[in-house]
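# Survey of secondary and tertiary structure
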Amino acid sequence: MRGFSIGLLLPLLAGCAAREIPVEQRIAMASPAVSVSARGQTVPVGTSNADAADDPAIWRNPVSPADSLIVGTDKKAGLYVYGLDGQRRDFVDAGRVNNVDLRDGIAMPGGAGVLVVASDRNDITQAKLALFRLDTATARLTPLGTLPAGSGEAYGVCLYREGATLHAFIVLKDGTVNQVAIDASSAQPTGRIVRTLKLGTQSEGCAADDRTGRLYVAEEDVGLWRFDARADGATSPVKVAAADGRNIVADAEGVAIAPIGAEGGYVIVSSQGDNAYAAYRLSDDSYVGRFRIAKGAVGSVEETDGIDLMLGDFGPGYPGGLFIAQDGHNDGQAQNFKLLAWRDIAAALGLAD
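So, here's what we can say about the structure.

### Notes on the layout of surface pockets
Considered as a void within the structure, the largest pocket measures approximately 710 Å³ in volume. Mapped onto the lining of the largest pocket, the elements with two or more residues apiece are β5 (53-59), β9 (97-106), β13 (154-162), β17 (203-209), β21 (252-260) and β25 (307-311). Its residues assigned to classes, the lining of the largest pocket shows 19 nonpolar, 4 polar and 13 charged. What the second largest pocket holds in volume is close to 200 Å³. What lines the second largest pocket is a set of 13 residues, and nearest its centre among them are Ile 106, Ala 107, Ala 164, Leu 166 and Ile 182. For the lining of the second largest pocket, the elements supplying multiple residues, two or more each, are β9, β14 (165-172) and β15 (176-183). Here the element with the most residues in the lining of the second largest pocket is β15; it accounts for 3 residues. The class makeup of the residues in the lining of the second largest pocket is 8 nonpolar, 3 polar and 2 charged.

### Describing the side chain of Asn 336
You can see Asn 336 is positioned in strand β27 (residues 336-341). Separated by 2.8 Å, the side chain of Asn 336 and the backbone oxygen of Thr 42 make a polar contact. For Asn 336, the residues in contact, after removing those within four places along its chain, are Gln 41, Thr 42, Val 43, Pro 44, Ala 53, Ala 325, Gln 326, Asp 327 and Asn 330.

### A look at the nonpolar core
Soluble, globular proteins show a tendency: their nonpolar side chains are buried together. If you look at the biggest cluster of nonpolar residues, it comprises 24 residues, and the most contacted ones within it are Ile 268, Tyr 277, Phe 291, Ile 293, Phe 323 and Trp 342. Counting only elements with at least two residues in this core, the list comes to β21, β22 (264-271), β23 (276-281), β24 (287-294), β25, β26 (321-327) and α2 (342-349). Among the elements that take part in this core, α2 stands out by supplying 4 residues, more than any other.

### Things to note about the pattern of salt bridges
Considering all chains together, one arrives at 16 salt bridges under this definition. Asp 344 is the partner of Arg 39 in a salt bridge, and the nearest nitrogen-oxygen pair spans 2.8 Å. Highlighted residues: Arg 39 in the loop between β3 (34-37) and β4 (40-41) and Asp 344 in helix α2, separated in sequence by 305 residues. Overall, the relative accessible area of 37% leaves Arg 39 in the partly exposed class. The salt bridge partner of Asp 327 is Lys 338, with a shortest N-O separation of 2.7 Å. One end of the pair, Asp 327, is in strand β26; the other, Lys 338, is in strand β27, with 11 residues separating them in the sequence.

### Remarks on the side chain of Asp 74
You can see Asp 74 is positioned in strand β6 (residues 69-74). Buried Asp 74, no salt bridge; nearest opposite-charge side chain is Lys 76, N-O distance 7.4 Å. Within polar-contact distance, the side chain of Asp 74 engages the side chain of Thr 47 at 2.7 Å. If near-sequence neighbours (up to four positions away) are discounted, Asp 74 is found in contact with Val 45, Gly 46, Thr 47, Ala 52, Ala 53, Tyr 80, Gly 95 and Val 97.

Thresholds applied
Every chain is numbered on its own, with residues counted from 1 as its sequence reads. Residues qualify for local features only when their pLDDT is at least 70, as the model is predicted, and side-chain atom pairs are given and counted only at 80 or more; totals for whole chains, interfaces and linings, by contrast, use all residues. Only heavy atoms go into the side-chain values, all of them from the structure, while hydrogens and water stay out. Put simply, the grid is 1 Å and covers the protein atoms alone, a cavity is a trapped set of points that fit a 1.4 Å probe, a pocket is an open set with protein on both sides within 12 Å along at least five of seven lines, and lining residues have an atom within 4 Å of a point. Grid points are joined across faces, edges and corners, and a volume is the space filled by probe spheres set on the points. The numbering of helices and of strands both runs from the N terminus, where a helix is a DSSP run of H or I of at least 4 residues and a strand a run of E of at least 2. Polarity classes work like this: nonpolar for Ala, Val, Leu, Ile, Met, Phe, Trp, Tyr, Cys and Pro, charged for Asp, Glu, Lys and Arg, and polar for all others, with Gly in that last group. N or O atoms closer than or at 3.5 Å make up a polar contact, with two conditions inside protein: a donor-capable atom paired with an acceptor-capable one, and, for residues adjacent in sequence, both atoms drawn from side chains. Here, residues are in contact when the closest pair of their heavy atoms is within 4.5 Å. Residues enter a nonpolar core if they are buried and are Ala, Val, Leu, Ile, Met, Phe, Trp, Tyr or Cys, with the set joined through side-chain atoms within 4.5 Å. Classification of residues uses two cut-offs on accessible area relative to the type maximum, computed with a 1.4 Å probe and protein chains only: under 20% is buried, over 50% is exposed, and between them is partly exposed. Criterion for a salt bridge: a side-chain nitrogen of Lys or Arg within 4 Å of a carboxyl oxygen of Asp or Glu. Think of it this way: Lys and Arg go in the positive column, Asp and Glu in the negative one, and His and the chain ends go nowhere.

Okay, here's the thing in structure tokens:
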């Protein structure tokens, strides 16, 4: 979601219009951020002259890591599949799909495979989940249908596996979060809302940790929250970090998790208001540091919406893991996604990778 929050506006005169704080001033007021450069990028999405690219999801090829795939949304048009070389491998015309996530090893007709789930906002009054099968051999997406996901406009989505059950958390524009249990094993997938969580205002980005049963959701003007992701868990949120203009400058947008060991690691949130990313320790919610994506082999990154992160082997080009950020500017071209090595980020922040 591009644009900036009310918290970034200053009154010009009492009772008069307000103006947006310039980005240079927001950067100057925020906490320091180290610089990291992207190692690669995708070709631009097909929708030009618009806020279009939004959210990525990563599939790691365990046999040939350099042949891993990226699924990314053009929220005006549909879903793309890219290789790590950034080239387009497939496109599905799915209309207004906003965020996307995927999981491997999901039971589907024809055998277990990679299930891709996108938040479908083609009807802004009735949220849906759009389901696809990703054929990892051909990099092709096959639509499996849509599932109802509650009343309201679909924004964010993230997947969570609890035992043998796959859940989708769909974040509606008003801050409602519906937890949907998905069964994709038959020709017609089914889903049911098992519980509802709530934040007070517009929210979007989310990520769930299968290891610990925790869900992280970004409330754009407020900050980052943590929920119990378990279907029978408590529904009250715990605030991890505020969008205080220092560590997170509103809007708080994309969310991604770097899992390390049984419970450790980091959660990363896009601080869209000052073109940065803030990292917090999963074990105690403590602030770790911030980074920006500076111009290097490819361009810099600004106004990031969605992010994704997966640790592990992605070949020599991306040691330690792969971090992907949507680029809201892309040097005047249509928007795209930038690819970074997790080891570069971890080294810049002084983290264990």
